[in-house]
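# Coordinate analysis (summary)
Below, each chain spelled out in residue letters.
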Amino acid sequence: MAGRRWLVTGASGQLGRHLCARLRDNGDQVTGLRNSHPVDLEGVTDLACDLMDLDQVSSAFRAQTPDVVVHAAGLTNVDLCEFNEDLAHHLHTRVAGHLAGLAAASGARMIYVSTDHLWRGERALTDETVAPQPLNAYARTKAEGETATLTAMADALVLRTNFVGPGNPWKPSFLDWADGGLRAGRPLNAFTDVYFTPLPVQTLCSTIAELVECGATGVFNVAGRERISKHDFVVAYARSRCLALSLIRPASIEQAGLTARRPQDMSLSVEKISATLGHPMPDIRECLEILASSPTP
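The following paragraphs examine the structure supplied in this document. (Residues numbered from 1 in each chain as written. Predicted model: local features only at pLDDT ≥ 70, side-chain atom pairs only at ≥ 80, totals over all residues. Heavy atoms only, no water.)

Regarding its fold elements, the chain presents ten helices and 13 strands. In summary, the chain has a C-alpha radius of gyration of 18 Å against a globular reference of 19 Å for 297 residues, a match within 12%. Once the C-alpha set of the chain is aligned to its principal axes, its extents read approximately 55 × 40 × 40 Å. Residue pairs at least 24 apart in sequence account for 77% of intrachain contacts in the chain once pairs closer than 6 positions are excluded. Working note: accessible area of the chain is about 12,600 Å², and carbon and sulfur atoms make up 49% of it. (Helix = DSSP H or I, 4+ residues; strand = E, 2+ residues; numbered from the N terminus. Rg over C-alpha atoms; globule rule 2.2 N^0.38 Å. Contact = heavy atoms within 4.5 Å. Areas by Shrake-Rupley, 256 points an atom, 1.4 Å probe, with all protein chains shown as cover.)

Listed below in structure tokens is the structure:
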């Protein structure tokens, strides 16, 4: 059903901006809450809002009277979360619970965008029944955000995901880093010992709309159906774009010198989401085709 009113936090981020564009193109009314960078999308209401101020958040919510709220804002720098867990906790947990409470009181739908970082990374294709065992502050505060959301609104929608795709000029994405480096002839180190189930950001956006349309609630893994290492994904991407494979160097996360501990297997089972929507999630080949054929907002 087109014509819904959506409120999207983090609207100038990678997911938020793609989602605002997708919903606008679907004929919905979209307001994007953002901090410093304008959303810069024709047909999307751009609203500056300091998420650190919950009174501002409440005022923005009440002014827009949304049918659906998507909390896509967050502190995605995993190492920075280690140094400022209070900020991560506020953005991932307090704001999530606050928005869910506002949504519950008004009869709106609430969607919390979570992560695939929630576990220790000791198993492949984790499903929705496995309790989080976070290794770092980012994962802890995201897990706490899931709990805060579902406590404030039992029929909220929580999406655990790992998406890939183009970022924004002010914040390049993982894929932008890989593509730009290869096109510039720079050698890239890519982890052979970190696994994930990548999903195009464009597919995540359409899946969010699908889940709202079918009235889904609860926790869902929203990911690709094929588990792959970061190294092999970069190789597959480079091959699909005819870029130099010789520039991609195998590396280990154990020697990367990162501050925060990271899970080495973040792959997610997508049996539940596939059964709910009645179609499979994309594999790596399909993922690369979607990325090649979808325009940036």
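More follows now that the structure is in view.
This part is about unusual backbone geometry. Phi at L125 is positive, roughly 55°, even though this residue is not glycine. Checked against the element boundaries, L125 lands in the loop between β5 (109–113) and α5 (137–152). Residue class for L125 comes out partly exposed when judged on its relative accessible area of 42%. Of note, C242 is a non-glycine position whose phi angle comes to about 60°, a positive value. For C242, the position within the fold is in the loop between α8 (230–240) and β13 (248–251). (Buried < 20%, exposed > 50% of the residue type's maximum accessible area, 1.4 Å probe, protein only.)

For the rest of this paragraph, the subject is helix α10 (residues 284–293). Buried within α10 are the following residues: I284, C287, L288 and L291. In a view along the axis of α10, the buried residues occupy a sector of 95°, so they form one face of it. Turning to α10, the residues buried within the fold contact β7 (163–164), α6 (174–183), β10 (199–200), α7 (201–213), β12 (228–229) and α8. Where α10 begins, one side-chain oxygen reaches toward the backbone nitrogen of R285, 3.3 Å away; that side chain belongs to D283. (Arc of directions from axis to C-beta. Polar contact = N/O pair within 3.5 Å; in protein donor to acceptor, adjacent residues only side chain to side chain.)

It is worth spelling out the packing of aromatic side chains at this point. Tallied over the full model, the rule gives two aromatic pairs. Each ring, one from F196 and one from F233, has its centre 5.7 Å from the other, and the planes form 80°; the classification is edge-to-face. With F196 in strand β9 (residues 195–196) and F233 in helix α8, this residue pair connects regions lying 37 residues apart in the sequence. Exposure remark for F233: the relative accessible area of 0% places this residue in the buried category. Its end group placed over the ring of F174, K230 keeps NZ or CZ at 5.3 Å from the ring centre. Between K272 and the ring centre of F220, over which it is positioned, the NZ or CZ distance is 4.4 Å. (Phe/Tyr/Trp six-rings, centres within 6.5 Å; stacked < 30°, edge-to-face > 60°. Lys NZ or Arg CZ within 6 Å of the ring centre and 35° of its normal.)

Extensive coverage of strand β2 (residues 29–34) is indicated by the burial of five of its six residues. Direction of pairing for strand β1 (residues 5–9) relative to β2: parallel, over a ladder of four bridges. Of the residues in β2, the one forming a bridge with R5 is Q29. You can see the chain leave β1, run along helix α1 (residues 14–25) and come back into β2, and the turn it takes is right-handed. By the bridge criterion, four bridges tie β2 to strand β3 (residues 45–48) in an arrangement that is parallel. Counterpart to G32 in the pairing with β3 is D46. (Pairing = 2+ DSSP bridges. Right-handed = clockwise from strand over helix to strand, strands pointing away.)

Our focus in this paragraph is the nonpolar core. In terms of nonpolar packing, the biggest core is built from 38 residues, with W6, I111, L159, L211, V222 and I273 touching the most fellow members. Mapped onto this core, the elements with two or more residues apiece are β1, α1, β4 (68–71), β5, β6 (157–161), α7, β11 (218–222) and α9 (271–277). Looking at this core element by element, the count peaks at six residues for α7. Discounting residues that sit within four places of it in the chain, V222 has contacts with L159, R160, T161, N162, L199, L204, T207, L211, I273 and M281. (Core = buried A, V, L, I, M, F, W, Y, C linked by side-chain atoms within 4.5 Å.)

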